[in-house]
Amino acid sequence: MNTAKVMASLQAKYPAEKEYLQAVREVLESIEDVYNKHPEFEEAKIVERLVEPDRIITFRVTWVDDEGQIQVNTGYRVQFNNAIGPYKGGLRFHPSVNPSILKFLGFEQIFKNALTTLPMGGGKGGSDFNPKGKSDAEIMRFCQAFMLELWRNIGPDMDVPAGDIGVGGREIGFLNGMYKKLTREHQGVLTGKGLTYGGSLVRPEATGYGATYFVQHMLQRMNKDIKGLDIAVSGFGNVAWGVCKKATELGARVVAISGPDGVIYNPNGMTDEKIDYMLELRASNNDVVAPFAQKFKDAQFIPGKKSWSIKCDIAMPCAFQNEMSEEDAKELIANGTWLCAEVSNMGCQPGAIEAFQSSKIMFAPGKAVNAGGVATSGLEMTQNAMHLNWTAKEVDQKLHSIMDSIHAACVKYGSQPDGTVNYVKGANIAGFMKVAEAMLAQGVL
Ligand code: 2IT
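Residues numbered from 1 in each chain as written. Predicted model: local features only at pLDDT ≥ 70, side-chain atom pairs only at ≥ 80, totals over all residues. Heavy atoms only, no water.

**Examining the site of the ligand**
1) Next: Every one of the 13 residues lining the ligand counts as a neighbour, but Lys88, Lys112, Asp164, Arg203 and Ser377 are closest to it.
2) Next: Gln109 has a polar side-chain atom sitting 3.1 Å from an oxygen atom of the ligand.
3) Next: Note that an oxygen atom of the ligand is positioned 2.5 Å from one of the side-chain N or O atoms of Ser377.
4) Next: Considering the ligand on its own, with 290 Å² of exposed area, one finds that the protein chains cover 94% of that surface.
5) Next: The dominant element in the shell around the ligand, judged by the number of residues it contributes, is strand 3 (residues 87–93), at three residues.
6) Next: Tallied by class, residues from the shell around the ligand come to two nonpolar, six polar and five charged. (Near = heavy atom within 4 Å. Polar contact = N/O pair within 3.5 Å; in protein donor to acceptor, adjacent residues only side chain to side chain. Areas by Shrake-Rupley, 256 points an atom, 1.4 Å probe, with all protein chains shown as cover. Helix = DSSP H or I, 4+ residues; strand = E, 2+ residues; numbered from the N terminus. Nonpolar A, V, L, I, M, F, W, Y, C, P; charged D, E, K, R; others polar.)

**A look at the packing of helix 1 (residues 3–13) against helix 2 (residues 18–35)**
1) Next: Where helix 1 meets helix 2, the axes come as close as 10 Å, and the angle between the chain directions of the two elements is 165 degrees. The angle between the axes of helix 1 and helix 2 places the two elements in the roughly antiparallel class. The handedness of the crossing between helix 1 and helix 2 is right-handed. On helix 2, the residues that touch Thr3, Val6, Met7, Leu10 and Gln11 of helix 1 are Tyr20, Leu21, Val24, Arg25, Leu28, Glu29 and Glu32.
2) Next: When grouped by side-chain class, the residues that make up the contact of helix 1 with helix 2 number seven nonpolar, two polar and three charged. (Axes fitted to C-alpha atoms, helices over the stretch in contact; angles between N-to-C directions. Parallel < 35°, antiparallel > 145°, perpendicular 65-115°, else oblique. Left-handed = near helix turned anticlockwise from the far one by under 90°. Contact = heavy atoms within 4.5 Å.)

**Considering the pattern of salt bridges**
1) Next: A complete count under the given rule lists 20 salt bridges for this structure.
2) Next: Put simply, Asp418 and Lys360 hold a salt bridge, and the shortest N to O gap is 3.5 Å. Here Asp418, found in the loop between helix 16 (392–414) and helix 17 (423–441), pairs with Lys360, found in the loop between helix 13 (350–358) and strand 12 (362–364); they are 58 residues apart in sequence, far enough to count as distant.
3) Next: Lys360 gets classed as exposed once you look at its relative accessible area, which sits at 62%.
4) Next: Three or more residues joined by partner-sharing salt bridges are found here, namely Glu26, Glu108 and Lys367. (Salt bridge = Lys/Arg side-chain N within 4 Å of Asp/Glu carboxyl O. Buried < 20%, exposed > 50% of the residue type's maximum accessible area, 1.4 Å probe, protein only.)

**As for the packing of helix 2 against helix 5 (residues 99–115)**
For any two helices packed against each other, one specifies the crossing angle of their axes together with the interaxial distance.
1) Next: Here helix 2 crosses helix 5 at 25 degrees, and the two axes come no closer than 6 Å. Taken as axis vectors, helix 2 and helix 5 run roughly parallel relative to one another. From helix 2, Lys18, Glu19, Tyr20, Ala23, Val24 and Val27 reach across to helix 5, where they touch Ser100, Ile101, Lys103, Phe104, Phe107, Glu108 and Phe111.
2) Next: A class-by-class count of the residues in the contact of helix 2 with helix 5 yields eight nonpolar, one polar and four charged.

**Comments concerning the side chain of Glu108**
1) Next: Checked against the element boundaries, Glu108 lands in helix 5.
2) Next: Residue Glu108 is classed as buried on the basis of its relative accessible area, which comes to 2%.
3) Next: Setting aside residues up to four positions removed in sequence, Glu108 forms contacts with Ala23, Met346 and Lys367.

**What about the sheet that holds strand 3?**
1) Next: Strand order in the open sheet formed by five strands is 1-2-4-3-5, and the pairing between neighbours is mixed. Both outer strands of the open sheet, strand 1 (55–64) and strand 5 (159–162), are each paired with one neighbouring strand and no more. Taken over all neighbouring pairs, the strand axes of this sheet differ in orientation by 20 degrees on average, direction set aside.
2) Next: As defined by bridge partners, strand 1 adjoins strand 2 (residues 70–81) across ten bridges and the pair is classed as antiparallel. Counterpart to Phe59 in the pairing with strand 2 is Gly75. (Pairing = 2+ DSSP bridges.)

**A word on a negative patch on the surface**
1) Next: Taken together, the side chains of Asp272, Glu273, Asp276 and Glu280 make up a negatively charged region of the molecular surface.
2) Next: With respect to the secondary-structure elements, Glu273 resides in helix 10 (residues 272–283). (Patch = residues over 30% accessible without salt bridge, like charges linked within 9 Å, V, L, I, M, F, W, Y side chains within 5 Å. Lys, Arg positive; Asp, Glu negative; His and termini not counted. Charge placed at Lys NZ, Arg CZ, Asp CG, Glu CD.)

**Concerning helix 7 (residues 169–183)**
1) Next: Given a rise of 1.5 Å per residue, 15 residues ought to cover 21 Å, and the 21 Å separating the end C-alpha atoms of helix 7 matches this to within 8%.
2) Next: The set of residues buried in helix 7 consists of Glu171, Ile172, Leu175, Asn176, Met178, Tyr179 and Thr183. The buried residues of helix 7 all sit within an arc of 165 degrees when viewed along its axis, so they share a single face. Exposed and oriented more than 90 degrees from the buried face of helix 7 are Gly169 and Lys181.
3) Next: Looking at the buried side of helix 7, the elements it contacts are strand 3, helix 6 (136–150) and strand 5.
4) Next: Downstream of helix 7 by one or two residues, Arg184 has phi in the positive range, about 60 degrees. (Expected span 1.5 Å × (residues − 1). Arc of directions from axis to C-beta.)

This is the structure we're talking about:
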């Protein structure tokens, strides 16, 4: 395989899909050397098959707002690859959603899910619907209209969606309700469900907890402890919340969270009250973080700034793709940051990753760091299939051991001659090898 050649043909075919092209390029560059040692991959055209989704389902979503006006959105499900298990991945409701964004997320999800050690393929979906400022009733009507179209294409052994940006417990409830109404079956067809109707303990916390466990592993290799370290987090949603909770419990100080409106500088770190307030802020649906500093006087709101302007030991982007630019990374490095764990999917631009790697700053990619979320979704699927619930301790222990094995896989495939670990290479190669072997074994499809 020649990365430049594959990229040129994808570029010609999908010139406008820059996020998708970016995600594919990162993986292909990482795996090229290993791939070319396996002529059977080349012969079976594994890469050419893997970069094209199995299918993309696109549909119109029509719903009525509180003023009685008819609204029209577009819904999608990208079923990318089911070589190792049913399609699995979240739904994103955000005005930026388009085929490029969902193809990048679906493509990343294939390797992430392979890393979890659980049998899940890769998929992603969502809509350009903007939840900001919508009432509960509008959210419900939208979710019901969305599921009215999606339901025929999903199933517990076919495709199992979950949440992502703009889709949390409330939305999963409405989506699951409509699925149940249409099929007359109560199945584990979505994950991230509420505890009263088949959800798993620890799923809401899992992405942030898993990311923090992963950071602990990275630190262990340097004989360092997370206790006493300053962490800058971006975002203030579910993922940022989980990181704040676990990192604070382990004795770290979360010195920044952020929103589209600016950054909260929080020099004394989080408290239980502050962490709980993050949930309230998120539930208000306004997408602003500024009120945090009105409520907590030791915190300061800096409008228009990102978390990367705050001095910290560790940076953990938890918000959005491409949220960290090369300049941001350089600012962090200049301020003494020595580890970056990407928690958002493709949160760092290629220039930011290069800046970290060339400065010998430890960097780990989202598909490894944030895999605890989908891994716990996998544990929810298992509990649903067995018709029983595990305790929080049992789920957390399983999450722990999954994050251990993801870290070990990164070390196995990403160790460099100088003793450092290239986590980008490690995660991409480890995920790819499993999917490629599963595709080879199942014939030309
Ligand atoms: O990006 C992700 O891994 C998620 N949004 C979670 C997907 C899932 O199926 O739990």
